[in-house]
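Listed below are the residues making up each chain.
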Amino acid sequence: VKLVESGGGLVQAGGSLRLACAGSGVTFTISNYAMAWFRQAPGKEREFVAHMTWSANAGYADSVKDRFSISRDNAKNTMYLQMNTLRPEDTAVYYCAADPYTTDNYDRPDKYTYWGQGTQVRVSS
């Protein structure tokens, strides 16, 4: 399984970005995987942002609720993170993660087997 993120960049506070995570591999069908977005700012631990279960139920960290939206396109095996009303504190490297067996504790990084390389998001004030 290979995950590749894209869509990061520099944006002013209040702006929007949409991240994408394209999955590939012989055994990879996105609807069979728990998927998630995490982020890591310099000097900080990796933190949970949002998740989507195999049945398309979504969950969010309190810090991004009502601003970020997770979705997926099964036909493209791609997950998205729509980020609106961005703040400087959203600056981080954003990673997507996937696992075929996770059914709980979706906010824990150790519940995911596959990770992308990350995409940088910078929000200027």
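What counts and what doesn't
- Residues numbered from 1 in each chain as written.
- Predicted model: local features only at pLDDT ≥ 70, side-chain atom pairs only at ≥ 80, totals over all residues.
- Heavy atoms only, no water.
- Helix = DSSP H or I, 4+ residues; strand = E, 2+ residues; numbered from the N terminus.
- Rg over C-alpha atoms; globule rule 2.2 N^0.38 Å.
- Buried < 20%, exposed > 50% of the residue type's maximum accessible area, 1.4 Å probe, protein only.
- Contact = heavy atoms within 4.5 Å.
- Salt bridge = Lys/Arg side-chain N within 4 Å of Asp/Glu carboxyl O.
- Polar contact = N/O pair within 3.5 Å; in protein donor to acceptor, adjacent residues only side chain to side chain.
- Phe/Tyr/Trp six-rings, centres within 6.5 Å; stacked < 30°, edge-to-face > 60°.
- Lys NZ or Arg CZ within 6 Å of the ring centre and 35° of its normal.

Trainee: Help me understand the overall build of the chain in this model?
Mentor: Scanning the chain from terminus to terminus reveals zero helices and 11 strands. When the elements of the chain are put in sequence order from the N terminus, they spell out β-β-β-β-β-β-β-β-β-β-β. A compact globule built from 125 residues would reach a C-alpha radius of gyration of about 14 Å, and the chain, at 13 Å, matches this within 12%. In terms of principal-axis extent, the alpha carbons of the chain reach across some 40 × 25 × 25 Å. Here the chain holds 125 residues, and the buried ones make up 43% of them. Taking the contacts inside the chain whose residues are at least 6 apart along the sequence as the reference set, 57% of them involve residues at least 24 apart.

Trainee: When you look at the pattern of salt bridges in this model, what are you seeing that I'm missing?
Mentor: Two side chains carrying opposite charge are able to pair once their charged atoms lie near each other. Scanning all chains against the criterion turns up six salt bridges. Between R39 and E47 there is a salt bridge whose closest N-O contact spans 2.6 Å. Between K111 and D104 there is a salt bridge, and its shortest N-O distance comes to 3.4 Å. Given the relative accessible area of 23%, K111 is considered partly exposed. D104 gets classed as partly exposed once you look at its relative accessible area, which sits at 36%.

Trainee: Even after reading the chapter, I still don't get the side chain of T119, so can you show me in this structure?
Mentor: As for its placement among the helices and strands, T119 is situated in strand β11 (residues 119-124). At a separation of 3.2 Å, a polar atom in the side chain of T119 contacts the main-chain amide nitrogen of G8. In contact with T119, other than residues within four places in its own chain, are E5, S6, G7, G8, L19, A92, V93 and Y94.

Trainee: Sorry if this is basic, but what is going on with the packing of aromatic side chains here?
Mentor: Working definition: an aromatic ring pair is given by the centre-to-centre distance plus the angle between the planes. One pass over the full model with this rule turns up six aromatic pairs. Note on F38 and F48: the rings are 5.8 Å apart at their centroids and 70° apart in plane angle, and the pair reads as edge-to-face. Of the two residues, F38 is situated in strand β4 (residues 34-40) and F48 in strand β5 (residues 47-52); the sequence distance between them amounts to 10 residues. Taking the relative accessible area as the measure of exposure, F48 reaches 13% and is therefore buried. Taken together, the ring pairs connect F38, F48, Y112 and W115 into an aromatic cluster. A cation sits over an aromatic face here: R46 above Y95, 3.8 Å from the ring centre.

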